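Read off the chains here:
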Amino acid sequence: RKEVEQDPGPFNVPEGATVAFNCTYSNSASQSFFWYRQDCRKEPKLLMSVYSSGNEDGRFTAQLNRASQYISLLIRDSKLSDSATYLCVVNSNYQLIWGAGTKLIIKP
Amino acid sequence: DTAVSQTPKYLVTQMGNDKSIKCEQNLGHDTMYWYKQDSKKFLKIMFSYNNKELIINETVPNRFSPKSPDKAHLNLHINSLELGDSAVYFCASSTGRSGNTIYFGEGSWLTVV
């Protein structure tokens, strides 16, 4: 089992819809969690950290489920500009482990 | 004002050549990284330096040699390039050794022919 796993997608979603995807991790002792966004042919950029109690940033909501060892990202009212690859990152034993990413395509 | 800058952005070279990619960050971070992203989009860490000290050295061929002259610079030298080295190489930096927010450079697209 990979340390961090994501559904590669692509998720094809109409503009304005709500979309959610998960990321599972194998190390139950993992300390911190992040979502990064990577646009085509660009570098990854931090989208948001994921806190134990869940957190929201505008249309984006991140949640952590330690019992089931996954984090999730929910995007409401999706925009064309949300099209990107979303990378899950887990801090495990003080090293960052990257998922392969979930590709999201928002269609008009 | 670029926070993490790396050069060159594009590099096409022949097998067997030696090439270097340079990286500089002006964020005052202590930790710098080299990541490789292959055609399948997997982002894998290669090396990490903290205050010029090598702290992460993943299973990478010894043809790859990082050099950190000071904590603001981390260069990557690659000897005897092979076709399989073709990838995007990202330099990055962060505060502290446990990652926190990582800031990436724009990437260096290496194509070995």
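Cut-offs applied
- Here the residue numbering is sequential within each chain, running from 1 through the sequence in written order.
- Chain A is the first chain written and ligand 1 is the first ligand written, with later ones labelled in order.
- Owing to the predicted nature of the model, reporting of local features is limited to residues with pLDDT of at least 70; listing and counting of side-chain atom pairs is limited to 80 or more, with chain, interface and lining totals taken over all residues.
- Only hydrogens and water are removed before side-chain values are computed, so all heavy atoms of the structure are retained for them.
- In this description, strands pair whenever DSSP reports at least two bridges between them.
- Numbering of helices and strands runs from the N terminus, with a helix taken as a DSSP run of H or I at least four residues long and a strand as a DSSP run of E at least two residues long.
- Inter-axis angles, ranging from 0 to 180 degrees, are taken between N-to-C directions of lines fitted to C-alpha atoms, where helices are fitted over the stretch in contact.
- Note on definitions: salt bridges are taken to be side-chain nitrogens of Lys or Arg within 4 Å of carboxyl oxygens of Asp or Glu.
- Here, two cysteine sulfur atoms that lie within 2.5 Å of each other are counted as a disulfide.
- Burial status follows relative accessibility: with a 1.4 Å probe on protein chains alone, a residue under 20% of its type maximum counts as buried, one over 50% as exposed, and anything between as partly exposed.
- Whenever two N or O atoms come within 3.5 Å, that pair is a polar contact, provided that in protein one can donate a hydrogen and the other can accept it, and provided that, for residues adjacent in sequence, both atoms are side-chain atoms.
- Any two residues having at least one pair of non-hydrogen atoms within 4.5 Å are treated as being in contact.
- A quick way to say it: buried area is the sum, across both parts, of accessible area lost when two parts are put together, with a 1.4 Å probe.
- Ten residue types, Ala, Val, Leu, Ile, Met, Phe, Trp, Tyr, Cys and Pro, are classed as nonpolar, four, Asp, Glu, Lys and Arg, as charged, and the remainder, Gly among them, as polar.

K.L.:
Would you explain the sheet that holds strand S1 (residues 4-7) of chain B in this entry?
P.N.:
For sheets, the rule is that strands pair by backbone hydrogen bonds, running either parallel or antiparallel. Residues and elements named next belong to chain B. Spatial ordering of the open sheet is given by S1-S3-S8-S7, a layout of four strands whose pairing is antiparallel. Because the sheet does not close on itself, it has two edges, and the strands there are S1 and strand S7 (64-70). With direction set aside, neighbouring strand axes in the sheet form an average angle of 15°. Pairing of S1 with strand S3 (residues 19-25) involves four bridges; the strand directions are antiparallel. Bridging across to S3, Thr7 finds its partner in Lys22.

K.L.:
How should I be thinking about the pattern of salt bridges in this particular structure?
P.N.:
It is possible for side chains bearing opposite charge to pair when their charged atoms get close. A complete count under the given rule lists eight salt bridges over all chains for this structure. A salt bridge links Asp39 of chain A to Arg37 of chain A, with the nearest nitrogen and oxygen atoms 2.8 Å apart. Taken together, the shared-partner salt bridges connect Arg63, Glu82 and Asp85 of chain B into one network.

K.L.:
Explanation requested: the state of the cysteines in the structure shown.
P.N.:
What is meant by a disulfide is a covalent connection between two cysteines, made through their sulfur atoms. Residues and elements named next belong to chain A. All told, the structure shown has two disulfides over all chains when counted by the stated rule. A sulfur-sulfur distance of 1.9 Å marks the disulfide that ties Cys23 to Cys88. Taking the sign of the S-S torsion, -65° for the link of Cys23 and Cys88, the bridge is left-handed. Of this pair, Cys23 sits in strand S3 (residues 19-25) while Cys88 sits in strand S9 (residues 84-92), and the two are 65 residues apart along the sequence. Here Cys23 falls in the buried class, since its relative accessible area comes to 0%. Classification of Cys88 as buried rests on a relative accessible area of 0%.

K.L.:
Which parts of the structure should I look at to understand the side chain of Thr31 of chain B?
P.N.:
Residue and element names in this part refer to chain B. Checked against the element boundaries, Thr31 lands in strand S4 (residues 31-37). We classify Thr31 as buried; its relative accessible area is 0%. Polar contacts involving the side chain of Thr31 include one to the side chain of Asn50, which spans 2.8 Å.

K.L.:
Which parts of the structure should I look at to understand the sheet that holds strand S7 (residues 60-65) of chain A?
P.N.:
Residue and element names in this part refer to chain A. In spatial order, the strands read S1-S3-S8-S7-S6; together these five strands make up an open sheet with antiparallel pairing. Looking at which strands have only one partner, the edges of the open sheet turn out to be strand S1 (4-6) and strand S6 (55-57). Each strand axis lies, on average, 20° off the axis of its neighbour in the sheet, ignoring direction. Sheet topology places S6 next to S7; three bridges connect them, and they run antiparallel. When the sheet's bridge partners are listed, Glu56 is paired in S7 with Thr61.

K.L.:
Please clarify how the pairing of S3 of chain A should be interpreted in this entry.
P.N.:
Remark: a regular strand shows side chains that alternate across the two faces of the sheet. All names here are of chain A. Side chains of S3 alternate between two faces, with Val19, Phe21, Cys23 and Tyr25 buried and Ala20, Asn22 and Thr24 left unburied. Where S1 meets S3, three bridges bridge the pair, whose relative direction is antiparallel. The residue bridging Gln6 from the neighbouring strand is Cys23, located in S3.

K.L.:
Would you explain the interface of chain A and chain B in this entry?
P.N.:
For an interface, size is often stated in terms of accessible area lost upon the parts coming together. Taken together, the 15 residues of chain A in the interface contact 19 residues of chain B. Carbon and sulfur atoms make up 56% of the surface buried where chain A meets chain B, a total of about 1,500 Å² over both sides. Of all residues in chain A, Arg41, Glu43 and Trp98 of chain A bury the most surface against chain B, accounting for 33% of the area lost on that side. Taken together, chain A and chain B are joined by zero salt bridges. At the junction of chain A with chain B, the criterion picks out three residue pairs in polar contact (both at pLDDT 80 or more). Within the residue set of the side of chain A that touches chain B, elements represented by two or more residues are strand S4 (32-38), strand S5 (44-50) and strand S10 (95-98) of chain A. When its residues are assigned to classes, the side of chain A that touches chain B shows eight nonpolar, three polar and four charged.

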